[in-house]
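Structural description and commentary
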Amino acid sequence: ETGVTQTPRHLVMGMTNKKSLKCEQHLGHNAMYWYKQSAKKPLELMFVYSLEERVENNSVPSRFSPECPNSSHLFLHLHTLQPEDSALYLCASSQEAFASTDTQYFGPGTRLTVL
Amino acid sequence: AQSVTQPDIHITVSEGASLELRCNYSYGATPYLFWYVQSPGQGLQLLLKYFSGDTLVQGIKGFEAEFKRSQSSFNLRKPSVHWSDAAEYFCAVGASGSARQLTFGSGTQLTVLP
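One structure accompanies this document, and this report is about it. Keep in mind that what you see is a predicted model, and the values were worked out from it rather than measured. (Residues numbered from 1 in each chain as written. Chains lettered and ligands numbered in written order. Predicted model: local features only at pLDDT ≥ 70, side-chain atom pairs only at ≥ 80, totals over all residues. Heavy atoms only, no water.)

Turning our eyes to something else, we now look at unusual backbone geometry. Residue and element names in this part refer to chain A. Note the cis peptide between Thr7 and Pro8, where omega equals -10°. Residue Glu52 is not a glycine yet carries a positive backbone phi of 70°. Here Glu52 shows up in the loop between β5 (44-50) and β6 (53-57). Classification of Glu52 by relative accessible area gives partly exposed; the value is 38%. (Helix = DSSP H or I, 4+ residues; strand = E, 2+ residues; numbered from the N terminus. Buried < 20%, exposed > 50% of the residue type's maximum accessible area, 1.4 Å probe, protein only.)

This is the structure we're talking about:
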């Protein structure tokens, strides 16, 4: 498999559930990102990892917990979410997190619905 | 901090017609500019990017974009639109020194009429 993959593609969960989103990149990149895409709003950067170390956390609520066990995998653990957290969650990767001419490559996203 | 404005929320064109999607950015130094396309239910695919050099950039699927520093613009163009081009298009600007500082516009939804 090539590029950036995300599972599951769709997820419906209640506010008391705990679930995880998974992202895997097959590009040999060192940086990985989580974005939130809500309707009618620009993409919001949530977290950035560089070589498994978190280097950016854009004031994201603690009910979202990222994990990067290695440079190819990225998880987003979800617990006690709110209905307003319903959105498309996109994962991306790039060669480096700090190279200004780098390009981010995106996965297909996970469509999350919180009931 | 940088910002991106895509003035057109929705554009409709007929198949075979030319297309121009507008993008204006705000950034104090030389920007790094990107156009991405998102088809329904899909992630973002890179169409083209501008870092330096020739201000007219060629991308995939027959798209091109022109960087105009004087107008702070990076408009996307295609001479003849195909039905498969119907999608949402996002302009993004990156700050020098850090790829993670990628700021996206709100997107332009393109509808193509037969």
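Before going further, it helps to examine the state of the cysteines. Applying the stated criterion across every chain yields a total of 2 disulfides over all chains. A sulfur-sulfur distance of 1.9 Å marks the disulfide that ties Cys23 of chain A to Cys91 of chain A. Between Cys23 of chain A and Cys91 of chain A the disulfide shows an S-S torsion of about -75°. By sign, it is left-handed. Here Cys23 of chain A is found in strand β3 (residues 18-25), whereas its partner Cys91 of chain A is found in strand β9 (residues 87-94), with 68 residues between them in sequence. Each member of the pair, Cys23 of chain A as well as Cys91 of chain A, carries the same accessibility label: buried. Between the sulfur atoms of Cys23 of chain B and its disulfide mate Cys91 of chain B the distance is 2.0 Å. Handedness of the Cys23 of chain B-Cys91 of chain B disulfide follows from its S-S torsion of about -65°: it is left-handed. (Disulfide = S-S within 2.5 Å.)

So, on to the pattern of salt bridges. Taken as a whole, this structure holds 6 salt bridges over all chains when the rule is applied. Of the charged contacts in the structure, one is a salt bridge between Arg63 of chain A and Asp85 of chain A, with a shortest N-O distance of 2.7 Å. One end of the pair, Arg63 of chain A, is in the loop between β6 and β7 (64-70); the other, Asp85 of chain A, is in the loop between β8 (73-79) and β9, with 22 residues separating them in the sequence. With relative accessibility at 2%, the residue Asp85 of chain A sits in the buried group. Across the pair Lys78 of chain B and Asp85 of chain B runs a salt bridge, and its minimum N-O distance is 2.8 Å. Connected through salt bridges with shared partners, the residues Glu64, Glu66 and Arg77 of chain B form a single ionic network. (Salt bridge = Lys/Arg side-chain N within 4 Å of Asp/Glu carboxyl O.)

Attention now moves to the sheet that holds β8 of chain A. Residue and element names in this part refer to chain A. Reading across from one edge, β1-β3-β8-β7 is the order of the 4 strands in this open sheet, with antiparallel pairing throughout. Edge positions in the sheet fall to β1 (4-7) and β7, since each has one partner strand and no second. Ignoring which end each strand starts from, the neighbouring axes of this sheet average 20° apart. Strand direction decides the pairing type here: β7 and β8, joined by 5 bridges, are antiparallel. Pairing of Pro66 across the sheet is with Leu76, part of β8. (Pairing = 2+ DSSP bridges. Axes fitted to C-alpha atoms, helices over the stretch in contact; angles between N-to-C directions.)

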